[in-house]
There are 2 protein chains.
Amino acid sequence: MARIRVAVNGFGTIGKRVAEAILKQPDMELVGVVKTKPDYVAKHAVSSGIPLYTLSDRLDAFREKNIPVEGSLEDLLEKVDVVVDATPGGVGKEYKPLYERFGVKAIFQGGEKPEVAEVSFNTLCNYEEALGKRSVRVVSCNTTGLLRSICSLSRIAKIKKVRATMVRRASDPKEVKRGPVNAIVPNPVKLPSHHALDVKTVLPTLDIVTTAVVVPTTLMHVHIVFAELEDQVSREDIVATFEQTPRILLADASLGLTSTADLVEYARDLGRKRYDIPELVIWLDSIAVLGREVMWMQAVHQESIVVPENIDAIRAVMEAAKSAEETIRITDETLGIMHGRIP
Amino acid sequence: MARIRVAVNGFGTIGKRVAEAILKQPDMELVGVVKTKPDYVAKHAVSSGIPLYTLSDRLDAFREKNIPVEGSLEDLLEKVDVVVDATPGGVGKEYKPLYERFGVKAIFQGGEKPEVAEVSFNTLCNYEEALGKRSVRVVSCNTTGLLRSICSLSRIAKIKKVRATMVRRASDPKEVKRGPVNAIVPNPVKLPSHHALDVKTVLPTLDIVTTAVVVPTTLMHVHIVFAELEDQVSREDIVATFEQTPRILLADASLGLTSTADLVEYARDLGRKRYDIPELVIWLDSIAVLGREVMWMQAVHQESIVVPENIDAIRAVMEAAKSAEETIRITDETLGIMHGRIP
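Here is what the cut-offs are and how they apply
- The numbers attached to residues start from 1 for each chain and follow its sequence in the written order.
- Whichever chain is written first becomes A and whichever ligand is written first becomes 1, with later ones labelled in order.
- Restriction of local features to residues with pLDDT of at least 70 applies here, the model being predicted, together with a cutoff of 80 or more for giving and counting side-chain atom pairs; totals for whole chains, interfaces and linings are based on all residues.
- To obtain the side-chain values, all non-hydrogen atoms of the structure were included, while hydrogens and water were left out.
- UniProt positions are given in the numbering used here, feature names are shortened, and annotations may be inferred rather than shown by experiment.
- Secondary structure elements follow DSSP: runs of H or I of four or more residues count as helices, runs of E of two or more count as strands, with numbering from the N terminus.
- Two residues form a contact once any of their heavy atoms are found within 4.5 Å.
- Here the Shrake-Rupley method, with its probe set to 1.4 Å, supplies the accessible areas, and only the displayed protein chains count as covering residues.
- We count Lys and Arg on the positive side and Asp and Glu on the negative side, and we leave His and both chain ends out.
- Think of each charge as sitting on NZ of Lys, CZ of Arg, CG of Asp or CD of Glu.
- Computed with a 1.4 Å rolling probe, the buried area is the accessible surface lost when two parts are put together, summed over both parts.
- A pair is scored as a salt bridge if a Lys or Arg side-chain nitrogen falls within 4 Å of a carboxyl oxygen belonging to Asp or Glu.
- Any pair of N or O atoms that falls within 3.5 Å is considered a polar contact. Within protein, one atom must be able to donate a hydrogen and the other to accept it, and sequence-neighbouring residues count only if both atoms are side-chain atoms.
- Three exposure classes are used, based on accessible area relative to the maximum for each residue type with a 1.4 Å probe and protein chains only: buried under 20%, partly exposed in between, and exposed over 50%.
- Overlaid copies result from least-squares superposition on C-alpha atoms, with residues included only where pLDDT is at least 70 in both.
- Throughout, a disulfide means two cysteine sulfur atoms within 2.5 Å of one another.
- The domain boundaries here were taken from an automatic or database domain assignment.
- Throughout, the ten residues Ala, Val, Leu, Ile, Met, Phe, Trp, Tyr, Cys and Pro are labelled nonpolar, Asp, Glu, Lys and Arg are labelled charged, and all others, Gly among them, are labelled polar.
- Two strands pair if DSSP finds at least two bridges between them.

By the naming in an unreviewed UniProt entry, chain A is Glyceraldehyde-3-phosphate dehydrogenase, taken from Pyrodictium delaneyi. In its Subunit (unreviewed entry) section, the UniProt entry covering chain A states "Homotetramer." Its UniProt record, at the heading Pathway (unreviewed entry), says of chain A: "Carbohydrate degradation; glycolysis; pyruvate from D-glyceraldehyde 3-phosphate: step 1/5."

Printed below as a string of structure tokens:
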């Protein structure tokens, strides 16, 4: 069977990771990536053997820097079945008409509004809804984190409501113009936050309210989740469910995994490229049950958590895997994504 | 009427602020403060006219540094009615027998266990319970912040339950050995956190659960509070209640008060000593009502929020003010503590 021919438009934090993940898929071919800036990242991509394209009005800029490009975005779209749009938030919708003109299916990111695509997507929650669609939106890192644990918990309990607070990282490690450096920023200050609305794009009937603050760190987000269940469920059953769910890792603080810094140190010790943690990490110790209430704390690696969902979304629109289980098996094996307790 | 003679044992973050606040009270006399280290803070206290005492085995250390001291802790306890214990957390209980031996009433801080004192205390919640007691414990900064808003809200609604998350500052500005520098630390990682238990030392029947993380900032803590009420109350009534409550300030993000850094900048612009903010600050924009649920975000200046409560506690044990209103009027006027909207 022919491999799915994929383009990645945008080669920033998400784009470069998704491109590298595509290279590892047995059923996909990375035809090319589109980059707008002729910088060190572009040079490194070329030297890594990744076919580089750019916008037609940027071709000269790349030639001036002696960075070889294969052609324009349009040239690339001629050759592919699917494009993963990893352009900056809000820019993806500008490209949508172009993708449609070339008859290319499109995967958008959570920085776009839900209307950009036919379906907002998380593999564990609604894989089947994305099958054969022309466009799919992989929700943001925070929403992906919330959906992984919520849809895992949904396997054993009907969830009455969720009240969650997101403690967000200020910037990614490479960013030097974002803050805060020394403050806590309610963001948004007007409650509730939009993150709950984003969860509802995938789980429209869930009663969920979210709040968020930004804090001076670069490593990961942390979520504090309060959930009320329709029925009482034991802590043991909840732990077992999280433990058995793909892409969820349980961190044991008694083994020293006491902060986002420890999680990142563990990923570094594993030798993971860029210390990426595409798994959602839930602190085992934090899982507590009080009557019908459950609470837990979880950590989200903002740079990499959506990578596996992007790969799954490609298979969904191409109907290359019929079920979530099937795509998860391939994606997680090829990307080395773990589940269960760490280490 | 004779002024209340007060000693302050410990001259760190809380001790120095309480001592300075005592100097401003018309009905109190600061007889002396006790400091263990002959450092710049001690020299500055002496040059500010604050009578300095130390532990009997530290007298030589002060003489060696040419810092004049009036005598020992025991010498000081001979001369006072009340001692404010502002020693490091857990140390206060070691001094308790000494205070008792000298027949001196004692105000302890929230770093001590509740058992250290006859009553745990917040002026807005339970002033009358502390009247005439031999020992009172002013709860911690986080607990004081929670109690201020909860007891304010209690004036207009019966509170069914509270679920709150505390985003805590990593260190005070002067500390150089605490962290995290770049991480989010669930603390405690085992849920729920002890802060709810501390609230219950003042409001024993409240259904409250808390969680907490520590983040890399020095300025203030931020709390995200979800409360369920027995009855529906309008947002306007809640805003009006917070607005009328002493020691609560409402910050308007549309005027640029969007983070803890903005709150501190405002305190600096006010010319406040050390940029202290003994008021609890609630973000006006964050107050939201959904059915019988209320949520809001609030900021707590960890270094100064308990100062007015310490002053009130002195009056309570001496029965120098019969009601919360009476002591609040004096304390807040002398210390310049505001309420209502800022700026």
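Further notes follow.
Tell me about the overall build of chain A, and please be specific about residues and values.
Summing up its helical and strand segments, chain A has 12 helices and 17 strands in all. Principal-axis analysis of the C-alpha atoms gives chain A an extent of 65 × 45 × 40 Å. Expressed as a percentage of contacts within chain A between residues at least 6 apart in sequence, the contacts between residues at least 24 apart total 71%. Just so you have it, chain A exposes about 13,300 Å², and 49% of that area is on carbon and sulfur atoms. Taking the average place of the 44 positive charges on the side chains of chain A and the average place of its 46 negative ones, the gap between the two points comes to 4 Å.

Please give an account of the UniProt feature "domain: Glyceraldehyde 3-phosphate dehydrogenase NAD(P) binding" (unreviewed entry) in chain A that cites residues and values.
The feature "domain: Glyceraldehyde 3-phosphate dehydrogenase NAD(P) binding" (unreviewed entry), as annotated in UniProt, sits at residues 4-141 of chain A in this numbering. Between the end C-alpha atoms of residues 4-141 of chain A there is a gap of 25 Å, over a span that is 33% helix and 24% strand.

Lay out the interface of chain A and chain B with the relevant residues and their values.
Residue-level contacts link 45 residues of chain A with 45 residues of chain B. Summing both partners gives a buried area of about 3,400 Å² for chain A against chain B, and 71% of it is carried by carbon and sulfur. On the chain A side of the interface with chain B, the three residues burying the most area are I184, V189 and L191 of chain A, jointly 18% of the side's total. Scanning the region where chain A abuts chain B turns up six salt bridges. At the boundary of chain A and chain B, one finds 14 residue pairs in polar contact (both at pLDDT 80 or more).

A description of the UniProt feature "active site" (unreviewed entry) in chain A should follow, citing residues and the corresponding values.
All names here are of chain A. Summarizing the sequence annotation, UniProt attributes the feature "active site" (unreviewed entry) to C141 in the numbering used throughout. Within the element layout of this structure, C141 appears in helix α7 (residues 141-153). What makes C141 buried here is its relative accessible area of 16%. Beyond its immediate chain neighbours, meaning those up to four positions away, C141 contacts H221, V300, Q302, I305 and V306.

Quick one: what's the story with the relation of the copies chain A and chain B, residue by residue and with numbers?
In the superposition of chain A on chain B (RMSD 0.0 Å, axial shift 0.0 Å), the rotation amounts to 180 degrees. Expressed as an axis order, the relation between the two copies is that of a two-fold axis. It is P216 of chain A whose C-alpha, among those of chain A, lies nearest the rotation axis, at 2.8 Å. The share of interface residues of chain A whose copies in chain B are also at the interface is 100%, consistent with both copies meeting through the same surface.

Residue-level account of the state of the cysteines, with values.
Residues and elements named next belong to chain A. Within this structure, the stated rule accounts for two disulfides over all chains. The disulfide that involves C125 links it to C151, with 2.0 Å between the sulfurs. Here C125 and C151 share a disulfide; its torsion about the S-S bond, 115 degrees, makes the bridge right-handed. Taken together, the positions of C125 in helix α6 (residues 123-126) and C151 in helix α7 put the pair 26 residues apart, joining distant regions of the chain. On the accessibility criterion, C125 (22% relative accessible area) is partly exposed. What makes C151 buried here is its relative accessible area of 10%. The thiol of C141 is unpaired, and the distance to the nearest cysteine sulfur, on C125, comes to 15 Å.

So what about helix α1 (residues 13-23) of chain A? Which residues, and what values?
Residue and element names in this part refer to chain A. For α1, the tally of buried residues reaches nine of 11 residues, placing the bulk of the element in the interior. For α1, the set of buried residues is I14, G15, K16, R17, V18, A19, E20, A21 and I22. Of the surrounding elements, those touching the buried residues of α1 are β1 (4-9), β2 (28-34), β5 (82-85), α11 (307-317) and α12 (324-335).

Before we move on, could you go through the side chain of S286 of chain A and cite the residues and values that matter?
With respect to the helices, strands and loops of the structure, S286 of chain A is situated in the loop between β14 (280-283) and β15 (288-290). Given a relative accessible area of 0%, S286 of chain A falls into the buried group. A distance of 2.8 Å separates a polar atom in the side chain of S286 of chain A from the backbone nitrogen of M297 of chain A. Filtering out sequence-adjacent residues up to four positions away, S286 of chain A remains in contact with M295, W296 and M297 of chain A together with V189 and L191 of chain B.

How would you explain unusual backbone geometry if you had to name every residue and give the values?
Cis geometry is adopted by the peptide bond preceding P192 of chain B, which originates at L191 of chain B and carries an omega value of -10 degrees. As for its placement among the helices and strands, P192 of chain B is situated in the loop between β10 (185-186) and α8 (195-200). Although it is not a glycine, N66 of chain A adopts a positive phi angle of roughly 60 degrees. Following the sequence through the fold, N66 of chain A ends up in the loop between α3 (59-64) and β4 (71-72). Residue classification places N66 of chain A among the exposed residues on the basis of a relative accessible area of 67%.

So what about the domain arrangement of chain A? Which residues, and what values?
All names here are of chain A. Its domain assignment divides chain A into domain 1 (4-139 + 306-335) and domain 2 (142-305). In this complex, domain 1 contributes 24 residues to the contact, which on the side of domain 2 involves 23 residues. Where domain 1 abuts domain 2, roughly 1,900 Å² becomes buried across the two surfaces, and 52% of that area is made up of carbon and sulfur atoms. In this structure, the connection of domain 1 to domain 2 is made through nine salt bridges. Among the salt bridges present, the one from R17 reaches E303, with a minimum N-O distance of 3.6 Å. Applying the counting rule to domain 1 against domain 2 returns 11 residue pairs in polar contact (both at pLDDT 80 or more). At the level of secondary structure, the elements contributing two or more residues to the side of domain 1 that touches domain 2 comprise α1, β7 (119-121), α6, α11 and α12. Top element by residues in the side of domain 1 that touches domain 2 is α1. It accounts for five residues. Broken down by class, the residue content of the side of domain 1 that touches domain 2 amounts to 11 nonpolar, six polar and seven charged.

Please set out the sheet that holds strand β3 (residues 52-54) of chain B residue by residue, giving values where relevant.
Neighbouring strands of a sheet are bound in pairs by backbone hydrogen bonds; such pairs are parallel or else antiparallel. Residues and elements named next belong to chain B. Read from one edge of the open sheet, eight strands run β4-β3-β2-β1-β5-β6-β8-β7, paired in parallel fashion. Across the chains shown, the open sheet's two edge strands, defined by having one partner strand only, are β4 (71-72) and β7 (119-121). The pairing of strand β1 (residues 4-9) with strand β2 (residues 28-34) spans six bridges and is parallel. Each residue of the ladder has a partner; that of N9, found in β2, is V34.

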